[in-house]
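# Chain and residue survey
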Amino acid sequence: MAGRGTVKPHSGFNANNDAEVLYKAMKGIGTDEDAILKLVTARSNAQRQEIKAAFKTLHGKDLVDNLKSELTGKLESLIVALMTPPIMFDVTSLRNAIKGAGTDEKVLIEILASRLANEINEIKSLYKQEHKVELEKDVTGDTAGHFERMLVVLLQASRQQGIQENLIQSDAQALFAAGEKKCGTDESQFITILGNRSSAHLRKVFEEYRKLSGYEIEESIQRETSGTLQEVLLAVAKCARSLPGYFAESLYKAMKGAGTDDQTLIRIMVCRSEVDMLDIRVEFRKKFATSLHKMINGDTAGDYRKALLLLCGGDDA
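Reference entry: report on the structure contained in this document. (Residues numbered from 1 in each chain as written. Predicted model: local features only at pLDDT ≥ 70, side-chain atom pairs only at ≥ 80, totals over all residues. Heavy atoms only, no water.)

## Looking at the overall build of the protein
Scanning the protein from terminus to terminus reveals 20 helices and 0 strands. A compact globule built from 317 residues should have a C-alpha radius of gyration of about 20 Å, and the protein, at 21 Å, falls within 12% of that. Seen through its principal axes, the protein has C-alpha atoms that stretch 70 × 50 × 35 Å. Counting every position in the protein, which comprises 317 residues, the buried fraction comes to 47%. Across the protein, the fraction of contacts at a sequence separation of at least 24, relative to all contacts at a separation of at least 6, is 71%. Carbon and sulfur atoms make up 49% of the accessible area of the protein, which amounts to about 14300 Å² in all. Put simply, the protein has 43 plus and 45 minus side-chain charges, and the middle of one group is 2 Å from the middle of the other. (Helix = DSSP H or I, 4+ residues; strand = E, 2+ residues; numbered from the N terminus. Rg over C-alpha atoms; globule rule 2.2 N^0.38 Å. Buried < 20%, exposed > 50% of the residue type's maximum accessible area, 1.4 Å probe, protein only. Contact = heavy atoms within 4.5 Å. Areas by Shrake-Rupley, 256 points an atom, 1.4 Å probe, with all protein chains shown as cover. Lys, Arg positive; Asp, Glu negative; His and termini not counted. Charge placed at Lys NZ, Arg CZ, Asp CG, Glu CD.)

Take a look at the structure:
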């Protein structure tokens, strides 16, 4: 995956110089949004953390607080997200999804289904540190039933490594027996297998499953389950097939039709900009007969659009 991001560390990086550019962009009357977004989207997250430290040393002020007071709306949300360390951004997103009335299941599903085991473990420990409570306790307090069980399995971050050749056939048979083959569904088989096997192993199981049942696993999940359990199982299956493919689809859904799910758009563009945005663009172009660049361009406006397009990094016309 290394090097598949659109945002890379800036080669002639100087934290003090960058801190000065941002300071000038914000001081006096009016704000130079253009200067801010161009600089912030052209630095890696690690470099942005150094700029934050330099800004405080030089000006005795918190850079993020300053940015919040100078920017508004979606651009503010995007720039603040870019200034946040990745694991902290996930922790904040999860906390916001859980706290208060109602639960944003979409955020829980996206983060817990797509992050690597070491990332999940880092998220859990930072969550505990920040909020003095286990993430699992917050999740189980806010969800129920099979959906809750699947999230708890994902939170264990204990997927087996590699491909267990001796289990491919029996896993495929177990999934078939738990769904298409019987009246009703044995959800716990889906939860155990999809929650505990490696992506490489699951891809083999899905192949066998198709031969056995005549269905893609996603079709069976849609026929056999419903609601939030269906959503989390589909997300896990799609992430196992292709993480960039999963994110391309999520971005498309965030923008298609009337209105834009800006929260999802910001979260994915920020989180994947240094990881696999180039691959997401390729998948997007393959799946949707338009480019990610074009869709962002048509769906957003102003400086917010400009910043997102810089993160997107190019058009695959």
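Following the structure, the description resumes.
## Some remarks on the nonpolar core
Ranked by size, the top nonpolar core spans 100 residues in total, and within it Ile 79 and Met 269 carry the most contacts. Sort the elements by how many residues they give to this core and helix α15 (residues 227–241) lands first, with 9 residues. Discounting chain neighbours no more than four positions away, the residues touching Met 269 are Leu 251, Met 277, Leu 292, Ile 296, Leu 308, Leu 311 and Cys 312. (Core = buried A, V, L, I, M, F, W, Y, C linked by side-chain atoms within 4.5 Å.)

## Considering the environment of Leu 202
With respect to the secondary-structure elements, Leu 202 resides in helix α13 (residues 199–213). Leu 202 sits in the buried class, given a relative accessible area of 1%. Residues Leu 202 and Ala 240 lie 38 residues apart in sequence; the distance between their C-alpha atoms is 6.6 Å. Apart from the residues within four sequence positions on either side, Leu 202 is in contact with Arg 159, Ile 193, Leu 194, Arg 197 and Ala 240.

## So, the packing of helix α1 (residues 15–26) against helix α2 (residues 33–40)
As a packed pair, α1 and α2 sit with axes 8 Å apart at the nearest point and diverge in direction by 155 degrees. The angle between α1 and α2 places the two elements in the roughly antiparallel class. α2 is crossed by α1, and the crossing has left-handed handedness. Across the interface between the two elements, Asp 18, Val 21, Leu 22, Ala 25 and Met 26 of α1 pack against Ala 35, Ile 36, Leu 39 and Val 40 of α2. (Axes fitted to C-alpha atoms, helices over the stretch in contact; angles between N-to-C directions. Parallel < 35°, antiparallel > 145°, perpendicular 65-115°, else oblique. Left-handed = near helix turned anticlockwise from the far one by under 90°.)

## Brief notes about the packing of aromatic side chains
Following the criterion strictly, the structure yields 6 aromatic pairs and no others. Ring geometry for Phe 176 against Tyr 209: centres 6.4 Å apart, planes inclined by 80 degrees, an arrangement best described as edge-to-face. Of this pair, Phe 176 sits in helix α11 (residues 165–178) while Tyr 209 sits in helix α13, and the two are 33 residues apart along the sequence. Take Phe 176 and Tyr 209: they sit in the same class, and that class is buried. Ring plane angle 5 degrees and centroid distance 3.9 Å describe the contact between Tyr 252 and Phe 288, whose orientation is recorded as stacked. (Phe/Tyr/Trp six-rings, centres within 6.5 Å; stacked < 30°, edge-to-face > 60°.)

## Quick word on the pattern of salt bridges
Should their charged atoms come close, side chains of opposite charge can pair. Counting across every chain of the model gives 23 salt bridges. Close ionic contact of Asp 34 with Lys 306 constitutes a salt bridge, the shortest N to O distance being 2.9 Å. Of this pair, Asp 34 sits in helix α2 while Lys 306 sits in helix α20 (residues 302–312), and the two are 272 residues apart along the sequence. Assessed through its relative accessible area of 35%, Lys 306 is described here as partly exposed. Note that Arg 272 and Asp 276 form a salt bridge whose closest N and O atoms lie 3.0 Å from each other. Of the two residues examined, Arg 272 and Asp 276, each falls in the buried class. The network of salt bridges with shared partners includes Asp 34, Lys 38, Asp 303 and Lys 306. (Salt bridge = Lys/Arg side-chain N within 4 Å of Asp/Glu carboxyl O.)

## Brief notes about the side chain of Gln 230
Mapped onto the fold, Gln 230 is located in helix α15. Of the residues examined, Gln 230 reaches a relative accessible area of 18% and is grouped as buried. Excluding residues within four positions of it along the chain, Gln 230 makes contact with Ile 221, Gln 222 and Thr 225.

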